[in-house]
Every structure is written in C-alpha cells, then in structure tokens.
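Spelled out from the first residue to the last, the chains are:
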Amino acid sequence: MLALDGLGVAGLFVKAAWVVTGLWAIGLSMQAACGVISAREASLRRSILVAATALAVAVATRFGMSAVELAGGLDGAIGLAGLVFEIKQNSIFSSATACCLLAAGAAFRSRLLLACGAILAALAFGLTGHARSHDMPWLAAGIVGLHVVLAGFWASAPLTLWPINSLSSVELAARNRRFGQVAIIAVPGLMIAGAGLAWLFGGGVEGLTRSAYGTMIAIKAICAIVALCLGAWNRLALAEALETEPSRAQPLLARAMALDAALFAAAILAVVFATTIAAPAS
Ligand code: HEM
C-alpha cells in the first residue's frame, strides 16, 4: 500500500468523485434505457442532466489532478498537461462524448442516446488505468466497460427504489419488479466480469491472496454477495408485499435500500483504493 501525502489524498478524492459521478450518471441512464424508470419524467431528466454535468466536472478535475500529480505539485503542472492529455485522450474523449449523449438523451427523452452515453461513460474507465497498460488493452477495456455499466445499474437502485411521498405505492411496486427483472441478468454479469478483471489484473491466485489489491477486490466481492442476498430477499419476500401490503413493505424496502447504499459505498471505496494506493505490483 502506497504511503499518502496531501497530493495523494487529493488524488484519492478526485478518483472517488469520478467513480461516484460516473456510477450515478450511468445508473440513472441505464435504468431509463431499460424502462425501469420513465425517460419522460421531468424530475428524472433533471437528475440525469445534473449527474452528467457532475461527471464532466469530475473528469476535468481528474485530468488536472493527474498533471499536478505527475509534476509533484502545481509548479510545472501546466507544462505537463499536454503529455497527460496524450496519455488519457481516449478516456477523456469517451467521457466527453458520453456527457453530451446523456444530456441529449435527457433533453430528447431518448432511451437509445441514454444507453449509448452510459456505455461510453463506463468504457472511459477501461481506457485508462490497469486496462490501458494490460497486454490485451481492448479486451480489458471492454470487460471494465461491461462491469461498470452493470455496476452503475445495480448501485443506483437506492436512488430510484427508495419509498418517497411523490411516488405512489403502485408505481414503486412496479419499479421494484421491473428493476428485479433486469437485475437477475445484470448482477451475475457484473460478478463474472469482475472475476474476469481480477484474473486479468490481479496476478493470479498468488497475487490476489498476498496483496492489498487482492484484499480490496475481496472486500468488493463480499459487499456484492451480501447485496445479492438482499436483492434475492427483496425479490422473493418483498416484491409481492409492495403490491398487497405497501404500508408494511415500504419501510422494509427503505431499510434494504439503506443497507444496499452502505454496501455499494464500501465497494466503491475498495475499488478506488484498488486503482490508486493499493494497485497490484506491476
Ligand atoms: C463480485 C463482485 C466484484 C468483483 C470481483 C469486482 C472486481 C473488479 C475488478 C478486478 C476491477 C478492476 C480494478 C482495476 O482496474 O484494477 C473492478 C473495477 C470496477 N468495479 Fe468492480 N467488482 C465487483 C463488484 C463491483 C460493485 C458491486 C461495484 C459498484 C458498486 C463495482 C464497481 C467497479 C468500478 C466503478 C470499477 C472501475 C474502477 C476503475 O477502473 O477505476 N464493482 N471491479
């Protein structure tokens, strides 16, 4: 695990901001593209516009932060911006195009534009970092992209399935059921892609069991497995009760979503560490 100075801590926050705003924008857009929530809903379209703007700011900040980190401080960072851009241009272009597509998708209520924007925003994570320096960079980028687009869908559940007054119990029950129908494919897909990445980047069993990187990936897997059990309970015990006894089921759903949010926050923290201070020894 790398020692951390002020610059290192700032770098962690900037990376976390990219992951959080990325999953937020990807998640809402993929839920709308899959029909879990309606792309015609004004409040949702506003949320996607805000998330896409936050993502654009996070990507721009990370670009600046990379130059500062390379220069070892503010002095000389501007001079290195060109080099950083050269290294990260594919990821930056993918993110920039994604933000434009998400904004257009929200403005024109287009599920297709929202899906394309979400996929490009996810792919941007695979066009930098460990995937970019891998022997098979495009294969690795594709798997990271798939993993992150599915992670965004799943991790955004607490944003849309939380019982709120403005959402009728009928609509909440319908959303929860639609989300479950997609999640039953998305979650196993996320885990298989995650296992594939662990194998590609982790340096085999030895590398995964004897490194801080392996520990971070294990933490993610444990969080995902607990969240998966929660999702199965939701599907088997709660989905029907939300339709038949909403007053009893809704507080249970809120509790499940709160636990989910905590598990996803832990998984996000673990992946931020895994891709910064706990990166596998190259
Ligand atoms: C079985 C569960 C999971 C496994 C095995 C797994 C494994 C991985 C691995 C090995 C990577 C590549 C990290 C690198 O670049 O070195 C990764 C990336 C990522 N994972 Fe997962 N993951 C899992 C679940 C999740 C969940 C539940 C979330 C979200 C809440 C998530 C979000 C991400 C993100 C955002 C990245 C991209 C990070 C980056 O490139 O900067 N993963 N995952």
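Residues numbered from 1 in each chain as written. Predicted model: local features only at pLDDT ≥ 70, side-chain atom pairs only at ≥ 80, totals over all residues. Heavy atoms only, no water.

Here we take up the pattern of salt bridges. The tally for this structure, following the rule as stated, stands at 6 salt bridges. Notably, a salt bridge pairs Glu41 with Arg175, separated by 3.4 Å at the nearest N-O pair. Of this pair, Glu41 sits in the loop between helix 1 (6–33) and helix 2 (42–71) while Arg175 is found in helix 8 (residues 169–201), placing the two residues 134 residues apart along the sequence. The class of Glu41 is partly exposed, set by a relative accessible area of 30%. The buried category is assigned to Arg175, whose relative accessible area is 7%. (Salt bridge = Lys/Arg side-chain N within 4 Å of Asp/Glu carboxyl O. Helix = DSSP H or I, 4+ residues; strand = E, 2+ residues; numbered from the N terminus. Buried < 20%, exposed > 50% of the residue type's maximum accessible area, 1.4 Å probe, protein only.)

With 33 residues, helix 10 (residues 212–244) extends 47 Å from end C-alpha to end C-alpha; this agrees with the ideal 48 Å at 1.5 Å per step. At Leu238, helix 10 shows its maximal kink, close to 45°. (Expected span 1.5 Å × (residues − 1). Bend = angle between axes of the 7 residues up to and from the residue.)

Attention now moves to the coordination of the iron atom of the ligand. Coordination of the iron atom of the ligand by the protein comes from His147 (NE2) and Lys220 (NZ), over a distance range of 1.8 to 2.0 Å. Residue Lys220 is classed as buried on the basis of its relative accessible area, which comes to 18%. (Donors = N, O, S within 2.8 Å, 3.2 Å for Na, K, Ca; no water.)

Near the ligand, the surroundings consist of 23 residues, among which Lys15, His130, His147, Tyr213 and Lys220 are the closest. His130 is positioned such that a nitrogen or oxygen atom in its side chain is 2.4 Å from an oxygen atom of the ligand. Taking His147, its side chain carries an N or O atom lying 2.9 Å from a nitrogen atom of the ligand. Mapped onto the shell around the ligand, the elements with two or more residues apiece are helix 1, helix 6 (137–155), helix 8, helix 10 and helix 11 (246–274). (Near = heavy atom within 4 Å. Polar contact = N/O pair within 3.5 Å; in protein donor to acceptor, adjacent residues only side chain to side chain.)

Attention now moves to the packing of aromatic side chains. The full count for this structure, using the stated rule, is 5 aromatic pairs. Taking 4.1 Å as the distance between ring centres and 10° as the angle between the ring planes, the aromatic pair formed by Trp18 and Phe125 counts as stacked. Taken as a pair, Trp18 in helix 1 and Phe125 in helix 4 (residues 111–126) lie far apart in primary sequence, 107 residues in all. When the ring of Trp154 is compared with that of Phe264, the centres are 5.0 Å apart and the planes differ by 70°; the resulting orientation is edge-to-face. With a gap of 110 residues between them, Trp154 in helix 6 and Phe264 in helix 11 connect regions that are remote in the sequence. The buried category is assigned to Trp154, whose relative accessible area is 8%. Of the aromatic side chains, those joined through ring pairs into one cluster are Phe63, Phe85 and Phe93. (Phe/Tyr/Trp six-rings, centres within 6.5 Å; stacked < 30°, edge-to-face > 60°.)

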